[in-house]
Amino acid sequence: AGLAHATGAPHAVAVANGTCALHLAYHALGVGPGRRVLTTANTFLATASAAHMCGGEAEFVDIDPRTGNLDVREVEQHLARGQVPHVVTAVHFAGLPCDMEWLIALKRKHDFLLVEDAAHALGARYRVEGRWYRPGEHPDVDATILSFHPVKHVTTGEGGAVLTHDAILG
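These numbers come from a predicted model, not from an experiment.

> In this structure, what is going on with the overall build of the protein? I would like to understand it.
Looking only at helices and strands, one finds 5 helices and 9 strands in the protein. Element order for the protein, N to C, with α for helix and β for strand: α-β-α-β-α-β-α-β-α-β-β-β-β-β. Here the protein has a C-alpha radius of gyration of 14 Å; the compact-globule value for 170 residues is 15 Å, and the two agree. With the C-alpha coordinates of the protein rotated into their principal frame, the extents come out at 40 × 35 × 30 Å. Residue burial in the protein is summarised as follows: out of 170 residues, 46% are buried. Considering only residue pairs separated by 6 or more positions, the protein has 63% of its internal contacts joining residues 24 or more positions apart. Summed over all atoms, the accessible surface of the protein reaches about 7800 Å², with 55% contributed by carbon and sulfur. The distance from the centre of the 13 positive side-chain charges to the centre of the 18 negative ones in the protein is 4 Å.

Written out as structure tokens, the structure is:
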């Protein structure tokens, strides 16, 4: 309950680590055979390997050289070619959130699921439609994962969590 309160997410599920959080989130969101997860090339292996653990596929787009985050223009080009993935995973790099406003707009237009990998962004904030949100707080994000590994800025020695607005997932 404390983590949900601190992040603004209605539901939080504690797990063993960030990799488990990704695996659980993807599994709960239906990643499996024939389903693709689109994410950034600048991420820990677990962002992609968790999709493979569910039987799905991972596909990478390049980063925005200004931020080190997922290049939303590349995601948009992917979608314009009719390549709509089952899930887009936005990895917030080094505490700097992705352009969530743009990703949420793309999600609304193209109907994919949106996951935030906030392993490096607990406590960060981003704006969508003039309002500030914390990772896990925006209702259009289907799941947010956290990691509490010793190299993260907030650690418990190990651990992870999945945040969600969906009572069935949470």
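> What am I meant to see in helix 2 (residues 18-28) here?
The set of residues buried in helix 2 consists of Gly 18, Ala 21, Leu 22, Ala 25 and Tyr 26. The buried residues of helix 2 occupy an angular sector of 125 degrees when the element is viewed end-on, so they sit on one face. Between a side-chain oxygen at the N-terminus of helix 2 and the backbone nitrogen of Thr 19 the separation is 3.1 Å; the capping residue is Asn 17.

> Is there a simple way to explain the side chain of Thr 7 in this structure?
Mapped onto the fold, Thr 7 is located in helix 1 (residues 2-7). Residue Thr 7 is classed as buried on the basis of its relative accessible area of 2%.

> Quick question: what am I supposed to make of helix 3 (residues 46-53) here?
An α-helix turns once per 3.6 residues; consequently, residues spaced three or four apart project the same way. Those residues of helix 3 lying buried are Ala 46, Thr 47, Ala 48, Ala 50 and Ala 51. Those residues of helix 3 that are buried lie in contact with helix 2, strand 2 (36-40), strand 3 (57-61), strand 4 (87-91) and strand 5 (113-117).

Thresholds, definitions, all that
Residues numbered from 1 in each chain as written. Predicted model: local features only at pLDDT ≥ 70, side-chain atom pairs only at ≥ 80, totals over all residues. Heavy atoms only, no water. Helix = DSSP H or I, 4+ residues; strand = E, 2+ residues; numbered from the N terminus. Rg over C-alpha atoms; globule rule 2.2 N^0.38 Å. Buried < 20%, exposed > 50% of the residue type's maximum accessible area, 1.4 Å probe, protein only. Contact = heavy atoms within 4.5 Å. Areas by Shrake-Rupley, 256 points an atom, 1.4 Å probe, with all protein chains shown as cover. Lys, Arg positive; Asp, Glu negative; His and termini not counted. Charge placed at Lys NZ, Arg CZ, Asp CG, Glu CD. Arc of directions from axis to C-beta. Polar contact = N/O pair within 3.5 Å; in protein donor to acceptor, adjacent residues only side chain to side chain.

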